[in-house]
Structure formats: C-alpha cells, structure tokens
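Per-entry structural report
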Amino acid sequence: MDISTSSSETLLISRIRSGEAEAWDEFIARYEGRLLGFVVRRVANRAAAEDLVQETFVGFLNSLPNYDPDQSLEGYLFSIAAHKLTDFLRHEGRRPTMPLVTEESSDGWQPVDRGRRASSIVRSRERHGLEESAMVRAVGEMIAHWRRRGQWERLQCIELLWVRGWSNKEVATRLGISEQTVANYKFETIARLRTAIAGQGLPEEVFPELYQ
Amino acid sequence: MTVPFCTTDLEAYLDEALPVEEMAGIEKALRDDPSLARQLAAIIARRDSGLISLGEVWRRHRLSCPTRQELGSFLLGVLPDDAANYVTFHLEVVGCRCCQANVADLKNRSAETQSSAENRRRKYFQSSAGHLPRKS
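To keep things clear, this report deals only with the structure shown in the data block. (Residues numbered from 1 in each chain as written. Chains lettered and ligands numbered in written order. Predicted model: local features only at pLDDT ≥ 70, side-chain atom pairs only at ≥ 80, totals over all residues. Heavy atoms only, no water.)

1. What about helix 6 (residues 81–94) of chain B?
Residues and elements named next belong to chain B. Between the first and last C-alpha of helix 6 there are 18 Å, a value that for 14 residues agrees with the 20 Å anticipated at 1.5 Å per step. Turning to helix 6, its buried residues are Ala83, Ala84, Tyr86, Val87, Phe89, His90, Leu91, Val93 and Val94. Directly after helix 6, the chain includes glycine 95, whose backbone phi takes a positive value near 75 degrees. (Helix = DSSP H or I, 4+ residues; strand = E, 2+ residues; numbered from the N terminus. Expected span 1.5 Å × (residues − 1). Buried < 20%, exposed > 50% of the residue type's maximum accessible area, 1.4 Å probe, protein only.)

Here's what the structure looks like:
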C-alpha cells in the first residue's frame, strides 16, 4: 500500500491544524468505522470499544503537532488505537503489565520502555529512523515489483516467513510448494535486499537477519 | 512449560498486531509462564537499542496491505482473481487486523442505519472538538 499520506489527507490535516471544526467532523466520519472495527474484536463491550475510539481521536489531536505526513495517516491512527487498547486491556487485567509507556509522552500511548534513559539508547532516534526508512523503501519496492509481475506466491511466501515467522516447512505446506522453492525465494529476496541496503550505504549490523 | 510462540509472534503481540485469537492465546500463556514475560522484555530492550526486525518493519509500515480501494473492489467481487486470492490470504492466513477492520467498516457502511452512525460520530465530535487547535 502507499505508505505516505495522500494529498486529500494532507489537506484535511492542514484544515484541522488551523482549527476547522468541519474538517474534524469529516475526519471522524472517514476514520471512526475502521478504528471501531479494529478495537471491537478485542473488547467484548461495545460501549468500551466506542470509548477507545473516542480516546484515539483525542490522542490524535493531542499528538498532531508531532505527526509526520510522510507516515501513513491510517497507520498512525491504528497505532494510537493499539496503545489505547493495550492500556485498556492492562487495566482490565487481561493483558499483563509490561513496561511499554514512556514518561516522555504526555499522551501516554507511545510504545517505549518506561525505564529507558537517553544514555542507554545505542543508536540515535534520527539514525534509527533513517535506517528504517531505507528498509521500508527497499521492501516496498520489492513488493511492488512482485505485484506488477503477478508473483503472488513469492509475496505470500516471504510474508509468512517474515511477518508471521513461520518455518520453511510450514510455509511450503500452506502454499503447496516444495521447501526448496521456499528456500530459493528466501535466498533471492535476501540477496536483493542486501544489495539495496548496501546501495544506501547502511552497515550490515542494521538488519542482522539479512546476514545470518 | 514450553511456550509455542516464536519471536515474530511476540513482536506482533507487543504491537497489538496478531490475530485476535492468537493475542488471547499469548495473554493466557503469559499468566502461566513467567519466562514469556522475560522474552517480551528482551524484545523491548532490543528495540530500544535500535535493532528492528524485517517483520516489524513490514508490519509497522503495512508494506503488503491492500489499499482501502482494493479492499472495496474485493468486497464487490471486481478484483482480478489472483489479486483477490492474495487479499483473502492476507485477511485470513496472515490475519492482518488493520485490513480486517477496514473490511468490517466497508461492510458496515452499507448495512448500518444512517442514524446510528451519525449518533456515534456526533458523540466522538463533541468529546474531542475541544482539543482542536485554536483557529488562527
């Protein structure tokens, strides 16, 4: 999918930033249904699910000054909703407490270790962001290439390996292909990504999975 | 007790990105097995050091998610077969929660009464509009 914010979304956000109530109304109408669809399957109580969507919208407005339009707006909203949901489930006792919320965040939804101090961060946020962006570009271009060429089996194979963490054997069984084919897809994909990452001047240790 | 969850599952759990049934399975296992919490803490520490897995990048940026327009075409049955098969795979096998939510929304929009959606949206608006930036 297109990971950046579309021009119509950019315009809508610009209107919201200037305090236009009509724009905010339009924004709610556009996104509330999918946000409700996201939380409602985890929260049996419909009213509680609607409250979480409400908190997501407030969280979005509070974090608006920090929103980067290069990021997908829908993805950003889902990430706020996920953290609201996590907090809710923790309070309900369904989700064990983990140190996931930073003290730096006034809105309290960002997924960072509370106990972390700046001195403990090995790589700076800025550097980390650049590396992640490079990988997003490389993988995004690869997926677009597969889609254009109709290489859906290859896409499914790599998605199950990396996004779901399945073994070669499980992937082969699910897709009805040989383990050798899975291994070949994996090998070719890693080679392609290594080239792309090296071409952007990034060191090998950034994504060690590519060099194991 | 041996916990049958791989690191990728646990990463997705932290991001609230696993299919609902698997999220519940990890939550149950966490109550019974303290070692699982230590595995999760190790993932958080690794993320804090700046190391992120390919799966996390892929999932976080939703690199293979169909667009909302494609999901709409899928529901209308007008996507080409191979693309439609991929959408089914992405929804049912990968279990993408964001795309499932979009599909649920698209289905509801045609089924839900106008007034119930409007009431809900009015409630959201009234509770959040006070947080809008001041008009310049």
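Having seen it, we continue.
2. Brief notes about the environment of B:Leu51
Counting through the fold element by element, B:Leu51 comes out in the loop between helix 3 (34–48) and helix 4 (54–60). It is 26 Å that separates the C-alpha atoms of B:Leu51 and B:Gly25, two residues lying 26 residues apart in sequence.

3. Structural notes on the side chain of A:Ser72
Residue and element names in this part refer to chain A. With respect to the secondary-structure elements, serine 72 resides in the loop between helix 3 (46–63) and helix 4 (73–91). Serine 72 gets classed as buried once you look at its relative accessible area, which sits at 14%. Separated by 3.4 Å, the side chain of serine 72 and the backbone nitrogen of glutamate 74 make a polar contact. Polar contacts involving the side chain of serine 72 include one to the main-chain amide nitrogen of glycine 75, which spans 2.9 Å. (Polar contact = N/O pair within 3.5 Å; in protein donor to acceptor, adjacent residues only side chain to side chain.)

4. Observations regarding the interface of chain A and chain B
Taken together, the contact between chain A and chain B spans 79 residues of the former and 72 residues of the latter. Counting the contacts that link chain A with chain B gives 10 salt bridges. Note that A:Glu32 and B:Arg121 form a salt bridge whose closest N and O atoms lie 2.9 Å from each other. Here chain A and chain B share 26 residue pairs in polar contact (both at pLDDT 80 or more) between them. If you list the elements that add at least two residues to the side of chain A that touches chain B, you get helix 1 (7–17), helix 2 (21–40), helix 3, helix 4, helix 5 (125–148), helix 6 (152–162) and helix 7 (168–175) of chain A. Grouping the amino acids of the side of chain A that touches chain B by side-chain chemistry returns 42 nonpolar, 13 polar and 24 charged. (Contact = heavy atoms within 4.5 Å. Salt bridge = Lys/Arg side-chain N within 4 Å of Asp/Glu carboxyl O. Nonpolar A, V, L, I, M, F, W, Y, C, P; charged D, E, K, R; others polar.)

These values are about where atoms sit, not about what they do.
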